[in-house]
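If you want the building blocks of each chain, they are given just below.
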Amino acid sequence: MTTPHPSLRLTDDVAEALRAGAPVVALESTIISHGMPYPRNVEMAREVEGIIRTAGAVPATIAVLDGTPRVGLGDDDLELLASSGEVDKVSIRDLPYVVARGGHGATTVASTMRLAALAGIKVFVTGGLGGVHRGAQQSFDVSADLTELSTTDVAVVSAGVKSILDIGLTLETLETLGVPVLAVGTDEFPSFYSRSSGFRAPMRVETADEVAAIMRAKWDLGLAGGLVVANPIPAKEEIPAERIGSIIDQALADMDARGIHGKEATPYLLGRIVEITGGESLEANIALVRNNATFGAAVARAYAG
Ligand code: PSU
Ligand code: MN
């Protein structure tokens, strides 16, 4: 095992599990502070921790609080992340700033991966990954989630990539960066709210054991970096691609009309899609996170052996 980096503060249960080589699952906090409205966000955060515990792993939600990178949070911490307006969205480039200033930061996939790796955690569960934005040919807006996946040894369980992004260019970039993309039980790469995306998944797996074996094979070969585990939303909870497609187009048009870009883009789009769907997208989002928590805990158990 890795000794956790001394700048991190771990909860006792997370520290103990890591010492014992027991399964631990990292969770991000941008999804709480900037991905869902209050109070569904904090209910989701608590529920997902419970799912992971029930499945036999220890949840470690990650955030920066008062300048300290925290791995494992208490109930009050989750409440603060969910309800305070004072929590910045913190990706890799923002980490030094929020730490030095003693601020609060909700970590993205990229920064959660990095802090998880510094703690010695190998499996991370989220909802959706960042990627190459539509129009990135002009805007250069490519999430640091992708570059992080190229360097940091963590498997990230998501429901794929939303079509607020350019899914084809995101998959091409992951190939360039040497990141395995494993779709669970499907030939098609899933697109978050929908099981289909129109893109074939590069690799298919059926079980958590297979994912764990691929993680070992990658790192045993000295191939640095993460893996994308793309777990489709359950069929009964999906919003079919035909229906969500036009809603996403509407949200993108509204974003452009308001001149929103950069780190505000993803939070704005998620919120706007919740508004346009009258909350249906929020319920789908929560359902897919639950499903990922169950599978991610199984991967963590399989990897811990
Ligand atoms: N996609 C979602 N929900 C989210 C995010 C993405 O469906 O909450 C968040 C994640 O934290 C992801 C981040 O890492 O947005 C990507 O932001 P950016 O594109 O600014 O890197
Ligand atoms: Mn961006």
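Every value quoted in this text rests on a predicted model; they were computed, and no experiment measured them.

A. Layout of the overall build of the protein. Counting secondary structure elements, the protein contains 13 helices and 11 strands. Relative to the compact-globule value of 19 Å for 305 residues, the protein shows a C-alpha radius of gyration of 18 Å, a close match. Projected onto the principal axes, the alpha-carbon positions of the protein cover approximately 50 × 40 × 35 Å. Sorting the 305 residues of the protein into buried and exposed places 51% on the buried side. Put simply, of all contacts in the protein between residues at least 6 apart along the chain, 75% involve residues at least 24 apart.

B. Quick peek at the UniProt feature "active site" (unreviewed entry) in the protein. Mapped onto the present numbering, the UniProt feature "active site" (unreviewed entry) falls on Glu28 and Lys162. Turning to its location among the elements, Glu28 is positioned in the loop between β2 (24-27) and α2 (30-33). Classification of Glu28 by C-beta neighbours within 10 Å gives buried; the count is 26. Those residues within four positions of Glu28 in sequence are excluded, and the remaining contacts are Ile62, Thr107, Thr108, Val109, Thr112 and Thr126. Within the element layout of this structure, Lys162 appears in the loop between β8 (155-158) and α9 (167-176). Under the C-beta neighbour-count criterion, Lys162 is labelled buried, with 28 such atoms within 10 Å. The residues contacting Lys162, other than those within four sequence positions of it, are Gly128, Ser191, Phe192 and Tyr193.

C. Focus on helix α8 (residues 144-151). Regarding α8, the residues found buried are Asp145, Leu146, Glu148 and Leu149. Along α8, the residues classed as buried sweep out an arc of 165° about the axis, all on the same side. On its buried side, α8 packs onto α6 (109-119), β8, α9 and β11 (227-230).

D. A look at the site of ligand 1. In the vicinity of ligand 1 there are 18 residues, among which Thr30, Gly35, Val109, Gly128 and Gly130 approach most closely. Those elements that place two or more of their residues in the shell around ligand 1 are α2, α8 and α12 (265-276). Across the shell around ligand 1, the residue classes break down as 5 nonpolar, 9 polar and 4 charged. Mapping the shell around ligand 1 onto the domain boundaries places at least three of its residues in each of domain 1 (1-121) and domain 2 (129-210 + 229-297).

E. Structural view of the pairing of strand β6 (residues 104-107). Residues of β6 alternate between two faces, with His104 and Ala106 on one and Gly105 and Thr107 on the opposite face, all of them buried. By the bridge criterion, 2 bridges tie strand β3 (residues 58-65) to β6 in an arrangement that is antiparallel. Bridged to Ala63 within β6 is Ala106. Here strand β5 (residues 87-90) pairs with β6 via 4 bridges, running parallel. Each residue of the ladder has a partner; that of Val90, found in β6, is Thr107. For the segment spanning β5, helix α5 (residues 95-100) and β6, crossover handedness is right-handed.

F. Spatial organisation of the UniProt feature "binding site: substrate" (unreviewed entry) in the protein. Per the UniProt entry, the sites bearing "binding site: substrate" (unreviewed entry) are Lys89, Val109, Ser143, Ala144 and Asp145 in this numbering. These residues run over 57 residues, yet every pair of their C-alpha atoms falls within 13.3 Å of each other. Contact partners of Ser143, with chain neighbours within four places excluded, come to Gly130 and Gly131.

G. Representation of the packing of helix α10 (residues 208-220) against helix α13 (residues 280-304). One can describe the packing of α10 onto α13 by two numbers: an axis separation of 8 Å at closest approach and a directional angle of 55°. Taken together, the axes of α10 and α13 lie oblique to each other. With respect to the hand of their crossing, α10 and α13 are arranged in right-handed fashion. Residues Ala208, Asp209, Val211, Ala212 and Met215 of α10 form the contact with α13, whose participating residues are Phe295, Ala298, Val299, Ala302 and Tyr303.

H. Representation of the packing of helix α3 (residues 40-54) against α13 within the structure. Following both chains from N to C, one finds α3 and α13 inclined at 20°, their axes separated by 9 Å at the closest point. One finds that α3 runs roughly parallel with respect to α13. Taken as a pair, α3 and α13 cross one another with a handedness that is right-handed. When α3 is examined against α13, the residues Arg40, Met44, Glu47, Val48, Ile51 and Ile52 are found in contact with a partner set consisting of Leu282, Ile286, Val289, Arg290, Ala293, Thr294 and Ala297. Looking at the contact of α3 with α13, its residues break down into 9 nonpolar, 1 polar and 3 charged.

Here is what the cut-offs are and how they apply
Residues numbered from 1 in each chain as written. Chains lettered and ligands numbered in written order. Predicted model: local features only at pLDDT ≥ 70, side-chain atom pairs only at ≥ 80, totals over all residues. Helix = DSSP H or I, 4+ residues; strand = E, 2+ residues; numbered from the N terminus. Rg over C-alpha atoms; globule rule 2.2 N^0.38 Å. Buried ≥ 20, exposed ≤ 12 C-beta atoms within 10 Å, placed from the backbone. Contact = placed C-beta atoms within 7 Å. UniProt positions renumbered as here; feature names shortened; annotations may be inferred. Arc of directions from axis to C-beta. Near = placed C-beta within 6 Å. Nonpolar A, V, L, I, M, F, W, Y, C, P; charged D, E, K, R; others polar. Domains from an automatic or database assignment. Pairing = 2+ DSSP bridges. Right-handed = clockwise from strand over helix to strand, strands pointing away. Axes fitted to C-alpha atoms, helices over the stretch in contact; angles between N-to-C directions. Parallel < 35°, antiparallel > 145°, perpendicular 65-115°, else oblique. Left-handed = near helix turned anticlockwise from the far one by under 90°.

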